[in-house]
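Breakdown of the fold
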Amino acid sequence: MSENKFIVRKAAVLGAGVMGAQIAAHLVNANIETLLFELPGDADNPNANVNKAVEKLKKQVPAPLSVQSKAIYIEPANYDQHLELLKDCDLVVEAIAERMDWKRDLYVKVAPHLSENAIFASNTSGLSLNQLAEAFPEERRHRFCGIHFFNPPRYMHLVELIPCQSSDADMLDHLEAFLVTNLGKGVVRAKDTPNFIANRIGVFSLLATMHHGKAFNFGLDQVDALTGALIGRPKSATFRTADVVGLDTLAHVVNTMRDTLPDDAWHRHFAVPDWLQALIDDGALGQKVKRGVYQKVGKEIQVLDLATSDYRLSAGEVDEAVKNLLKYNNPTEKFAALRSNPHPQAQFLWSIFRDLFHYCAVQLESIADNTRDLDLAVRWGFGWNQGPFEIWQSAGWKQIATWINEDIAAGKCMSQVPLPDWVMTIAKDEQQSVHTKQGSFAPADKTLHKRSTLPVYQRQLFPDRLIGEEAQYGETIFETDAVRMWHTGDRIAILSFKSKMHTIGVDVLEGVQQAIKEAEQNWRALVIWQTEPPFSAGANLKKVTEKPKADPQQKASPPPPPSAFDKLVKNFKKSAQATVLKAARELDLADVLMAKKLAEVEGMVKQFQQTSQALRYSMVPTVAAVDGLALGGGCEFVMHCDRAVATMETYIGLVEVGVGLLPAGGGCKEFALRAAQNALEGDPFPQLKQYFQTVAMAELAKSGEQAKALGFLRAADHIVMHRFELLHVAKAQALTLAEAGYRPPLRTRQIPVAGNTGIATIQSLLVNMREGGFISEHDSLIGNKVAHVMCGGDLTPGSLVDEDWLLELERTAFIELLATEKTQARVEHMMKTGKPLRN
């Protein structure tokens, strides 16, 4: 790789369809000005088509834009008027319809307008890059390749990088570095074969699932019940995923396999089923038209019934015995049980895994360099917990290979082609592993290939690891049951929580305080970073509020069944209600409500506030490295660190109001302080009013950028696109602060508050909302408590208070709300039903 950097000052996307518009959105998410081209509209409004696409971006769910305001950086363009603008673009991505003839015609049209050093890349999902390159001028082909984003581009980690025969090696290396750091993608290099890696394997898996579902006469909802989270795949499973992708898109990929892979041993299975084609012909294309395999009628989810070709209530369920098999912790035992169990559901699951393993083994050498590339492509492109070879290895390589051979011999497999010789070579090896700490197996040269040595990957201190790769998180400084403090050989200390969902109880608070003292004495800075997301689901009061231990002679009550909201929380990005659900989880107040140990709770709240303040006034810089959820107390820790470094996919908020409480770990105080610091002409109320709304509405930021807009993150905080670069950047920020001769901020002793005038103004708003029926009486009480704290209490406007004054107001209001029957009822109702209570 040459020393020269690939700099993208401006980009262009050709095609404003579903993928093209979202790729443009993600480029502006990364602060890259982007031209978006589409066919011209009428003479009066030639950019009508592209403008419509940009407006659609603002309404899409999940949001393609990190914040809606980024849309203005997408510059509309059309092919008749604006081709000359391409000369200023360093990267041009073609994303028009999957027609070879259309793409080649477009290349001829735009090539004369490209700058000499521009990279031109196709987002084709499976067409031959070498055939496409033939339409590109020969002298420019060294700057041509494929970059295949997955839908939706903002959220799906995978980008496949596919060279053509003429692609320049340095160009590919520079582009990979750009895709990784600047766009936050997991890049897998694929060979120029139909549908590349992820779609080739993922769509085969879907075809195998449809084949065996038909053989066992399962309904489509039955198949989805079996092929979702229970087997480590997304909740959308098989056919819900097809609806999300688009049934027409799925059919196109299947037809590409049929037309371009005539020699594939599974070719006879590469066909779109009649029922699927009928849906497409009827315009039922899936989620984008709100009807496909599934449709929603009122509150009812309906599924296509293959027997009647009509919709019925979706009611697929997994047999309890099979569900219990899938709960086995030992994969070897699990797969043995599935294969031997005669239940149709167990046999179905064994069959789809067996045929997937078989296909991957046979096709590996032709589509990918090694097993790592195939597994990561499937994980990142389809959201599986493990790739096919990882699952196979965990279940026992030799045993699974033996069973596949037996089923081939018995004629049970979808193809009778034998397993390649390398499979049994691995089976005879002592490790029986295709993934090891030394590397992953490559069938071409029968060796283990190490991870890429490109400089960009040095920024990933702990990359997304595969089975067989050891996780060694530095050297321990100290460790308790709740936290671990460690380092990687430099003077930056790292603190990681060990609690479930990284919730914050007394033990974690004590660990944080111990870590601060240790860092002040022996280290240059302290970074709070979790080895896996989330950053923190917030405060957990359970340990302080546990009831006295029962008499050992007394029979213990059975544990409660799993709550419904556990499942809902996992889907928080799709449900506004999940913000409230998570608030209940984060506070874990079931024991508090029963025992009424308010004094103990107040003691923990005070300890929480002291810990937040210790982070703020530590003698060494503190940096929060935030990925995923940072709720309630987790958000308050972030707000009190000297600096936050957050991934784009950070979901942060103070959500306590959702269960009838308010932030009391310093969150309300911090917003009052920031409003005073940012006050125009000395009046904090205009800014404070916005912060009040954020807290009172339990608003959850859906991106790092939105967290800045809502005030959870500051202007000086940094957004990182790639989650596996987060720790690298956080440590760099900590070191920068230390190198600058860090001193903590002076304690703020004079904070001007909005006082009783601010409270009265907010109260009038609450009265209007109450009279209009928008909020309940208890909602109004909660809002008044929040206003009282954030406005500094019943004081004259402009009165000066210190932080301790505001913290005491927080504690008092929190306990007062917790003591009310209606807040207790809200929490109890949420914990029991998983649904919010309006009382």
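This report concerns the structure included in the present document. Please read these numbers as outputs of a predicted model, since none were measured by experiment.

A few words now on the nonpolar core. Formed by 114 residues in total, the largest nonpolar core has its most connected members in Trp392 and Trp422. Leaving out residues up to four positions away in the same chain, Trp422 has contacts with Ala361, Leu364, Phe389, Trp397, Val434, Phe441, Pro443 and Lys446.

Here helix α22 (residues 598-616) crosses helix α23 (residues 633-640) at 30°, and the two axes come no closer than 8 Å. With respect to α23, the axis of α22 lies roughly parallel. Residues Phe608, Thr611, Ser612, Gln613, Leu615 and Arg616 of α22 form the contact with α23, whose own contacting residues are Gly633, Glu636, Phe637, Met639 and His640. Classifying every residue of the contact of α22 with α23 gives 4 nonpolar, 5 polar and 2 charged.

To continue, consider unusual backbone geometry. Omega for the bond connecting Asn151 with Pro152 falls within 30 degrees of zero, at 0°, which places this linkage in the cis form. Each neighbour pair has its own omega, and for Pro533 with Pro534 the value is 10°, a cis peptide bond. Positionally, Pro534 belongs in the loop between β18 (525-528) and α19 (564-570). In the Ramachandran plot, Phe196 falls in the positive-phi region, its phi being about 55° despite a non-glycine side chain. The topology assignment puts Phe196 in the loop between β8 (186-189) and α6 (198-215).

With that settled, the discussion passes to helix α10 (residues 274-281). Every buried residue of α10 is listed here: Leu276, Leu279 and Ile280. Buried residues along α10 cover an arc of 100° about the axis, so they all sit on one side. Opposite the packed face of α10, turned more than 90 degrees from it, sit the exposed residues Asp274 and Asp281.

Moving on, we come to the sheet that holds strand β14 (residues 447-449). As summarised here, the arrangement of the 3 strands in space is β12-β13-β14, forming an open sheet in which the pairing is antiparallel. Both edges of this open sheet fall to β12 (435-436) and β14, since each of them pairs with a single strand only. Where β12 and strand β13 (residues 439-442) come together, 2 bridges link them in antiparallel fashion. Residue pairing in the sheet places His435 in a bridge with Ser440 of β13.

Moving on, we come to helix α3 (residues 100-110). Taken together, the buried positions of α3 are occupied by Lys103, Leu106, Tyr107 and Val110. Projected down its long axis, α3 shows its buried positions confined to an angular sector of 105°, all on one face. Exposed residues pointing more than 90 degrees away from the buried face of α3 are listed as Asp105 and Val108. Considering only its buried residues, α3 is in contact with β1 (10-14), β4 (91-94), β5 (119-122), α4 (129-133) and β6 (144-149).

Look at any regular strand and the pattern is simple: side chains alternate between the two faces of the sheet. Hairpin connection, β12 to β13: the antiparallel pair is bridged by 2 residues. Across 3 bridges, the pairing between β13 and β14 is antiparallel. Residue pairing across strands places Ala442 opposite Thr447, the latter belonging to β14.

A separate point is a negative patch on the surface. Together, Glu602, Asp802, Asp804 and Glu808 line one region of the surface with negative charge. Tracing the sequence through the fold places Glu602 in helix α22.

Turning our attention to the pairing of strand β7 (residues 158-163). Of all 6 residues in β7, 5 are buried; the element is thus mostly enclosed. Summarising the sheet, β6 and β7 pair through 5 bridges and their orientation is antiparallel. Of the residues in β7, the one forming a bridge with His148 is Glu160. Sheet analysis places β7 next to β8, joined by 4 bridges and oriented parallel. Paired with Glu160 across the strands is Val188, a residue of β8. In this fold, β7 hands off to helix α5 (residues 169-182), which returns the chain to β8; that crossover is right-handed.

It is worth spelling out the pattern of salt bridges at this point. Scanning the entire structure with this criterion turns up 40 salt bridges. Across the pair Glu134 and Arg104 runs a salt bridge, and its minimum N-O distance is 3.5 Å. Taken together, the residues Glu134 in the loop between α4 and β6 and Arg104 in helix α3 connect sequence positions 30 residues apart. By relative accessible area, which is 27% here, Arg104 ends up partly exposed. Lys669 is the partner of Glu803 in a salt bridge, and the nearest nitrogen-oxygen pair spans 3.2 Å. Taken together, the positions of Glu803 in helix α30 (residues 803-818) and Lys669 in helix α24 (residues 667-677) put the pair 134 residues apart, joining distant regions of the chain.

Here is what the cut-offs are and how they apply
Residues numbered from 1 in each chain as written. Predicted model: local features only at pLDDT ≥ 70, side-chain atom pairs only at ≥ 80, totals over all residues. Heavy atoms only, no water. Core = buried A, V, L, I, M, F, W, Y, C linked by side-chain atoms within 4.5 Å. Buried < 20%, exposed > 50% of the residue type's maximum accessible area, 1.4 Å probe, protein only. Contact = heavy atoms within 4.5 Å. Axes fitted to C-alpha atoms, helices over the stretch in contact; angles between N-to-C directions. Helix = DSSP H or I, 4+ residues; strand = E, 2+ residues; numbered from the N terminus. Parallel < 35°, antiparallel > 145°, perpendicular 65-115°, else oblique. Nonpolar A, V, L, I, M, F, W, Y, C, P; charged D, E, K, R; others polar. Arc of directions from axis to C-beta. Pairing = 2+ DSSP bridges. Patch = residues over 30% accessible without salt bridge, like charges linked within 9 Å, V, L, I, M, F, W, Y side chains within 5 Å. Areas by Shrake-Rupley, 256 points an atom, 1.4 Å probe, with all protein chains shown as cover. Salt bridge = Lys/Arg side-chain N within 4 Å of Asp/Glu carboxyl O. Lys, Arg positive; Asp, Glu negative; His and termini not counted. Charge placed at Lys NZ, Arg CZ, Asp CG, Glu CD. Right-handed = clockwise from strand over helix to strand, strands pointing away.

Read these as spatial facts, not as claims about activity.
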